[in-house]
Amino acid sequence: MYKNNPIDSELMLLDRDISIPKTQKAFDATILREAVSVAVEKLSKNISNTSLRGLQLVQPSRLEELVEEYTKRTHKDAKEDISLKIFEEIIDLYVATGIPVYSTGYMGRQFSGVVPIAGLTDLLTSMMSQPSSFYESAQLPSIVEKVIANEFGSLLGWKKDTYDVVTTSGGSLANITALLTARNCKVPNFYNLHSSSEGIPAVAMSSDVHYSVKRAVGILGIGEDQIVSLPVNTKGQICMSQAESKLAEAEAKGLSVFCLVASAGTTPVGAIDLLNDLAELCKRKNYWLHVDGAHAGSFLVSDKLRGKLQGIELADSFTLDAHKTMFLPASCTLLFYKNKEAAQQTFYKKASYIFERDSNNLDGGEKSFECTKRPMIMNLWIPWVLYGREFFAQKLEELCETTKQAYYKLKLEKDFYPLHKPEANILCFRYSPENSNVIKVKDLQLAIRDIIKEDGKFFISKVEIEGETALRVVFMNHEITMTHFNELLTEIKRIGEDLVSNNKKLH
Ligand SMILES: Cc1ncc(COP(=O)(O)O)c(C=O)c1O
């Protein structure tokens, strides 16, 4: 009878204990202890090795072979100690092939080595394994978000309980979220809009804006053709006089701009737009002002640097990537809304099985694309508690000061040409000796950068500014000083002189 009735035969199974497979030990707490001590030992060595090191580039095919070898290895008979040995090997491989962000030779990108306690907090949140989108599963992180929002709110001079902060996994996601809010607030009938007497909805932005903003305009159905690109001045800021005429031109063409995106720390040069002036313009024209402060929004924490952001408090929304200039693990992004009601306009859809009616605005998921979201605020809060706001401020001030010194150094150096006076910790320049006319300046910069990368002592980046290629350094490493920058210049000179004097063929 049982045989013919699948439901009954399944019921029979109720009486049996399922035998526990060997892999059960993967959940064992002793593995946590042992693996953590192995990992911590290796990571400690890595972060204390601050010597000049660049990236060791490996042939992708070689790496693929290695990864496949590990992936195919059979674990059927593996004992715990063997698994840990593999774990150790993989850590070594990961470290060896990673960008050495703890090295003083690392001057390449906007991410940094992390404050160790924040890295450990990341482990803590991983092991807690609960999303932060709902108060029920994130009681402490939800309240921490509120308290951290208040800390920043008071730095902005915002009145308590009038604003809101949403965490997102990265600045790109914060930018699209803010643009969606802007669209819903300023063009409420967008979903039904086929044509409108008020014109085609459009977004104005700096020509140097981060690509995530342009992409967001496409994704949100506004259409990249409806981007009004505002030219920048020699400092990389939106040029105010040209902005007015570009906007008038766009309006004459039938576009109806509803949002202007400014930057606080552009990606190429770290320029900060004239936020007060832009806020005045937006108010006059009834635009939403969003500031992409992914890079320099964190200047808010410093009493010395905050002045550079004057006017950000007037923005309707702004993005701040704490995983960039606050030395925290990715991602940790804060999206600020000046008006807390606006944050509720981003998404219309409700999910009755999750959101509580009386959540007191603590169910962050209602205002966020993400359902399962890491409690990233913990990575910011714990170092904030242990070391204070001053810790972040001091490090940022030091890095900006070193960047300024590097700029003056370049101005004094023969054959080096800085392209801008730095506002933040990004500096772009060219090496262009007089006798280099045999090689195109652009090709020379690219060749220098490639050789530096291959040599593996420094890691720097490159950038295109108004069609010209330049070398780009980002002072993110917490140990970096002028000594390291001077060593980089010596290296650039040596490589550059060799390329020029031997009239090396490039590319
Ligand atoms: C100005 C700016 N905005 C946004 C982003 C994107 O941030 P994320 O990488 O956190 O998505 C970047 C990244 O470099 C950036 O420089």
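Residues numbered from 1 in each chain as written. Predicted model: local features only at pLDDT ≥ 70, side-chain atom pairs only at ≥ 80, totals over all residues. Heavy atoms only, no water.

Let us now look at helix α7 (residues 171–186). Every α-helical turn comprises 3.6 residues, leaving residues that sit three or four positions apart pointing alike. Taking 1.5 Å per residue as the helical rise, α7 with its 16 residues ought to reach 22 Å, and the 22 Å between its terminal C-alpha atoms agrees with that figure. The element α7 is largely enclosed, with a buried count of 12 among its 16 residues. Every buried residue of α7 is accounted for by Gly-171, Ala-174, Asn-175, Ile-176, Thr-177, Ala-178, Leu-179, Leu-180, Thr-181, Ala-182, Arg-183 and Asn-184. (Helix = DSSP H or I, 4+ residues; strand = E, 2+ residues; numbered from the N terminus. Expected span 1.5 Å × (residues − 1). Buried < 20%, exposed > 50% of the residue type's maximum accessible area, 1.4 Å probe, protein only.)

The subject of this paragraph is the sheet that holds strand β2 (residues 200–206). The strand order across the open sheet formed by 7 strands is β1-β7-β6-β5-β4-β2-β3, and the pairing between neighbours is mixed. The open sheet terminates on both sides in strands that have one partner only, identified here as β1 (164–168) and β3 (227–230). Averaged over all pairs of adjacent strands, the angle between strand axes in this sheet comes to 20 degrees, irrespective of strand direction. Relative to strand β6 (residues 317–321), strand β5 (residues 288–293) is paired through 4 bridges, and the arrangement is parallel. In the sheet register, Val-291 faces β6, and the bridge partner there is Phe-318. With respect to the sheet, helix α6 (residues 139–156) is in contact with β1, β6 and β7 (333–337), its orientation differing from that of β7 by roughly 60 degrees. (Pairing = 2+ DSSP bridges. Axes fitted to C-alpha atoms, helices over the stretch in contact; angles between N-to-C directions. Contact = heavy atoms within 4.5 Å.)

Further remarks concern the pairing of strand β9 (residues 426–431). Most of β9 sits out of view: 6 of its 6 residues are buried. Here β9 shows two buried faces, one formed by Ile-426, Cys-428 and Arg-430 and the other by Leu-427, Phe-429 and Tyr-431. In the sheet, strand β8 (residues 416–418) pairs with β9 via 3 bridges, with the strands oriented antiparallel. If you follow Tyr-417 over to β9, its bridge partner there is Arg-430.

The next thing to look at is the site of the ligand. Residues in contact with the ligand amount to 13 residues; listed here are only the nearest, Gly-171, Ser-172, Thr-267, Asp-292 and Asp-321. Between the ligand and Thr-267 there is a distance of 2.8 Å, counted from an oxygen atom to a side-chain nitrogen or oxygen. Asp-292 has a polar side-chain atom sitting 2.6 Å from a nitrogen atom of the ligand. If the ligand stood free it would expose 390 Å²; the protein chains cover 82% of that surface. Those elements giving two or more residues to the shell around the ligand turn out to be α7 and α11 (322–325). Counting residues per element, the shell around the ligand draws most heavily on α7, at 3 residues. Split into classes, the residues belonging to the shell around the ligand amount to 1 nonpolar, 9 polar and 3 charged. (Near = heavy atom within 4 Å. Polar contact = N/O pair within 3.5 Å; in protein donor to acceptor, adjacent residues only side chain to side chain. Areas by Shrake-Rupley, 256 points an atom, 1.4 Å probe, with all protein chains shown as cover. Nonpolar A, V, L, I, M, F, W, Y, C, P; charged D, E, K, R; others polar.)

On the basis of which strands lie adjacent, the open sheet formed by 4 strands has the order β8-β9-β11-β10 and antiparallel pairing. The outermost strands of the open sheet, each flanked by one partner alone, are β8 and β10 (461–465). The mean inter-strand angle of the sheet, taken between neighbouring strand axes irrespective of direction, is 40 degrees. Each of β8 and β9 touches helix α14 (residues 389–412); the most contacted strand, β9, lies at about 15 degrees to it.

A few words now on the pattern of salt bridges. A full pass over the atoms with the stated rule returns 23 salt bridges. In this structure, Lys-85 engages Glu-89 in a salt bridge whose closest nitrogen and oxygen atoms are separated by 3.1 Å. Residue Lys-85 and its partner Glu-89 are located together in helix α4 (residues 80–97), separated by 4 residues, close to a single helical turn. Assessed through its relative accessible area of 25%, Glu-89 is described here as partly exposed. Between Glu-251 and Lys-285 there is a salt bridge, and its shortest N-O distance comes to 3.7 Å. Of this pair, Glu-251 sits in helix α9 (residues 240–252) while Lys-285 sits in helix α10 (residues 275–285), placing them 34 residues apart in sequence. On the accessibility criterion, Glu-251 (34% relative accessible area) is partly exposed. (Salt bridge = Lys/Arg side-chain N within 4 Å of Asp/Glu carboxyl O.)

Before going further, it helps to examine the packing of α7 against helix α8 (residues 211–219). Direction vectors running N to C along α7 and α8 enclose 45 degrees, while the axes themselves pass 9 Å from each other. Between α7 and α8, the angle is such that the two are oblique. As for the relative orientation of α7 and α8, their crossing is right-handed in sense. Packed against α7, whose contacting residues are Ser-172, Asn-175, Ile-176 and Leu-179, the element α8 presents Ser-212, Val-213, Ala-216, Val-217 and Ile-219 at the interface. A per-class count over the contact of α7 with α8 returns 6 nonpolar, 3 polar and no charged. (Parallel < 35°, antiparallel > 145°, perpendicular 65-115°, else oblique. Left-handed = near helix turned anticlockwise from the far one by under 90°.)

With that out of the way, let us pick up helix α5 (residues 116–128). Its 13 residues give α5 an end-to-end C-alpha distance of 18 Å, which sits within 8% of 18 Å, the value for a rise of 1.5 Å per residue. Buried residues belonging to α5 abut α13 (377–387). Following α5 by one or two positions, Ser-129 adopts a phi angle in the positive range, close to 50 degrees.

Attention now goes to the nonpolar core. Phe-152, Leu-260, Met-326, Leu-380, Phe-429, Phe-485 and Ile-492 are the most contacted members of the largest nonpolar core, which has 102 residues in total. Leu-180, Ala-216, Phe-258 and Val-261 belong to the second-largest nonpolar core, a separate cluster that totals 27 residues. (Core = buried A, V, L, I, M, F, W, Y, C linked by side-chain atoms within 4.5 Å.)

In this section: the packing of aromatic side chains. Taken as a whole and judged by the stated rule, the model has 17 aromatic pairs. Judged by centre distance (6.1 Å) and plane angle (20 degrees), the rings of Tyr-106 and Phe-111 are stacked. Note on Phe-111: relative accessible area 37%, which makes it partly exposed. On the basis of an interplanar angle of 55 degrees and a centroid distance of 5.3 Å, the ring pair of Tyr-387 and Phe-391 is categorised as tilted. Under the relative-accessibility criterion, Phe-391 is labelled partly exposed at 25%. Linked through ring pairs, Phe-152, Trp-158, Tyr-163, Phe-318, Phe-336, Trp-384, Tyr-387, Phe-391 and Phe-392 together constitute an aromatic cluster. (Phe/Tyr/Trp six-rings, centres within 6.5 Å; stacked < 30°, edge-to-face > 60°.)

Of note, Ser-317 is situated in strand β6. Judged by its relative accessible area of 0%, Ser-317 falls in the buried class. In terms of polar contacts, Ser-317 uses its side chain to reach the side chain of Trp-288, at 2.9 Å. If near-sequence neighbours (up to four positions away) are discounted, Ser-317 is found in contact with Ala-178, Trp-288, Leu-289, His-290, Val-291, Leu-335, Phe-336 and Tyr-337.

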